[in-house]
Amino acid sequence: MQELRQDPVTGRRVIIAPGRALRPSDFRDPDTRPDFADKSGSCPFCEGSEGLTPPEILALRPPPSPANSPSWLVRVVPNKYPALSPEGDIERKTEGIFESIGGWGTHEVIIESPGHDQTFATMTEGQIGRVFQTFRSRILDLKKDPRLQYILIFKNHGYAAGATLRHPHSQLLAMPVVPSEVSRELQWAESYFKLKEHCLFCDMLQQEVAAGTRMIDRNEDFVALAPYASRFPFEARILPRKHESAFENMPAASLENLARSVKRLMAKLDSALALPASNLVIHTAPLGEAPLDYYHWHIEVMPRLSKIGGFELGSGIYINPMPPEEAARRLRKAVV
């Protein structure tokens, strides 16, 4: 049974999920892992393999194709090896100084395209827009449950980034706690707002657009930039130019420009870095919060070009050999 345990020294939360160890790829030496370049036909996410996944939760498909059949455009299914499970509970337990809650929640897979080898860099803007539309739909549906505090949507692309299947997909974890990384962002942003009476992210956007040295790309609704204190080489963020704290409250009219921004950034990374593995996450306001004046939802993209070593793990301070100004310059120049 899953548990959400809290470290009494750091306050960090950890999901203990024994069922994840059942995944065929776990606990194997990289040299003996299965061929990551799985073939269409043997892949459970490919069109025609719908019976290899749990029944779909949601699918974008033209009528009259029935559920759990081919002809879909985007498909959402429960994760077969969930980190959190709706069958659990959120009962709090204590054992001396140790504290945990039940590993209740939802873990879903968003299969982004029937195309086995597609990526955000090669999909059309319309395809990417449908994926983000699906993200939005799932958040709006799940946030009706008052027990949920946060929904994290993330994408692991490539084996080095944690993906176990090549087929394009993202994941959604809905949980009864706010992740510590997001809590830290919220605290910094709220402190800045109390001092300046301005949104930290809005002020940062204004300064970055004016300077241009770390800006990678922009359109009418979104800006892609290299963070000032980038943790990883070629790390990037995409932020909406208009203040909005919750991703799901983004106007539907902005989806097209979001898709364009995501596609261009991922294509630039592929062009400049020869198809790197990467992680993409959406950071948004906690569920049940009123619109926050001090927080600004955003997307973080982290190419997996370097490894985290003992210094980073022991100190929490990252060493990045690529200045973000140089990374942004190279990405601006990348031909897409």
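Our structure is the block above this text.
Attention here is on the structure that accompanies the text. (Residues numbered from 1 in each chain as written. Predicted model: local features only at pLDDT ≥ 70, side-chain atom pairs only at ≥ 80, totals over all residues. Heavy atoms only, no water.)

Turning our attention to the overall build of the protein. From N to C terminus, the protein includes six helices and 14 strands. In terms of C-alpha radius of gyration, the protein reaches 20 Å, essentially the compact-globule figure of 20 Å for 336 residues. Its C-alpha atoms give the protein principal-axis dimensions of roughly 55 × 50 × 45 Å. The 336 residues of the protein split such that 49% are buried. Of the contacts made within the protein by residues no fewer than 6 positions apart, 67% connect residues no fewer than 24 positions apart. Counting only carbon and sulfur atoms, one obtains 54% of the accessible surface of the protein, whose full area is about 16,800 Å². Side-chain charges in the protein split into 40 positive and 41 negative, and the spacing between the mean points of these groups amounts to 4 Å. (Helix = DSSP H or I, 4+ residues; strand = E, 2+ residues; numbered from the N terminus. Rg over C-alpha atoms; globule rule 2.2 N^0.38 Å. Buried < 20%, exposed > 50% of the residue type's maximum accessible area, 1.4 Å probe, protein only. Contact = heavy atoms within 4.5 Å. Areas by Shrake-Rupley, 256 points an atom, 1.4 Å probe, with all protein chains shown as cover. Lys, Arg positive; Asp, Glu negative; His and termini not counted. Charge placed at Lys NZ, Arg CZ, Asp CG, Glu CD.)

Inspection of the entire model under this criterion finds zero disulfides. We note that C202 lacks a disulfide partner, and the nearest cysteine sulfur, in C199, lies 3.7 Å from it. Judged by its relative accessible area of 25%, C202 is partly exposed. (Disulfide = S-S within 2.5 Å.)

The final tally for this structure, using the stated rule, is one cavity of 30 Å³ or more. Roughly 90 Å³ of volume is contained in the largest cavity. The set of elements that each furnish at least two residues to the lining of the largest cavity consists of β8 (150-157) and α4 (255-273). Residue contributions to the lining of the largest cavity peak at three residues, all from α4. (1 Å grid on protein atoms, 1.4 Å probe; cavity = no way out; pocket = protein on both sides within 12 Å on 5 of 7 lines; lining within 4 Å. Points joined across faces, edges and corners; volume = space filled by probe spheres on them.)

Moving on: the pattern of salt bridges. Applying the stated criterion across every chain yields a total of 22 salt bridges. K144 serves as the salt-bridge partner of D141, at 3.7 Å between the closest nitrogen and oxygen. Look at K144 and you get exposed, because its relative accessible area is 65%. Here E208 and R214 are joined by a salt bridge, their closest N and O atoms 3.0 Å apart. The structure contains a network of salt bridges with shared partners spanning E181, R184, R231, E235 and E300. (Salt bridge = Lys/Arg side-chain N within 4 Å of Asp/Glu carboxyl O.)

What follows covers the sheet that holds strand β1 (residues 3-6). Pairing between the strands of a sheet is mediated by backbone hydrogen bonds and can be parallel or antiparallel. The strand order β2-β1-β6-β5 describes an open sheet built from four strands, whose pairing is antiparallel. Looking at the sheet topology across the chains shown, the edges are occupied by β2 (13-16) and β5 (92-95). With direction set aside, neighbouring strand axes in the sheet form an average angle of 25°. Relative to strand β6 (residues 98-102), β5 is paired through four bridges, and the arrangement is antiparallel. When the sheet's bridge partners are listed, T94 is paired in β6 with E99. (Pairing = 2+ DSSP bridges. Axes fitted to C-alpha atoms, helices over the stretch in contact; angles between N-to-C directions.)

Time to look at the sheet that holds strand β12 (residues 236-240). Taken in spatial order, the ten strands line up as β3-β4-β7-β9-β8-β13-β14-β12-β11-β10 in an open sheet, and their pairing is antiparallel. Of all the strands in the sheet, the pair left with one neighbour each is β3 (58-60) and β10 (215-218). Averaged over all pairs of adjacent strands, the angle between their axes in this sheet comes to 20°, without regard to strand direction. Where strand β13 (residues 278-283) meets strand β14 (residues 298-303), six bridges bridge the pair, whose relative direction is antiparallel.

Turning next to the environment of A17. Mapping A17 onto the fold places it in the loop between β2 and β3. Dropping the residues within four chain positions of it, A17 is found in contact with Q2, P82 and A83.

This part is about the pairing of β1. Bridging between β1 and β2 involves four bridges; their strand directions are antiparallel. Counterpart to R5 in the pairing with β2 is V14. Linking two consecutive strands that pair antiparallel, namely β1 and β2, is a turn of six residues; a positive phi of about 80° is found at G11 within it. Examined bridge by bridge, β1 and β6 share four bridges and lie antiparallel to one another. Paired with E3 across the two strands is G102, which belongs to β6.

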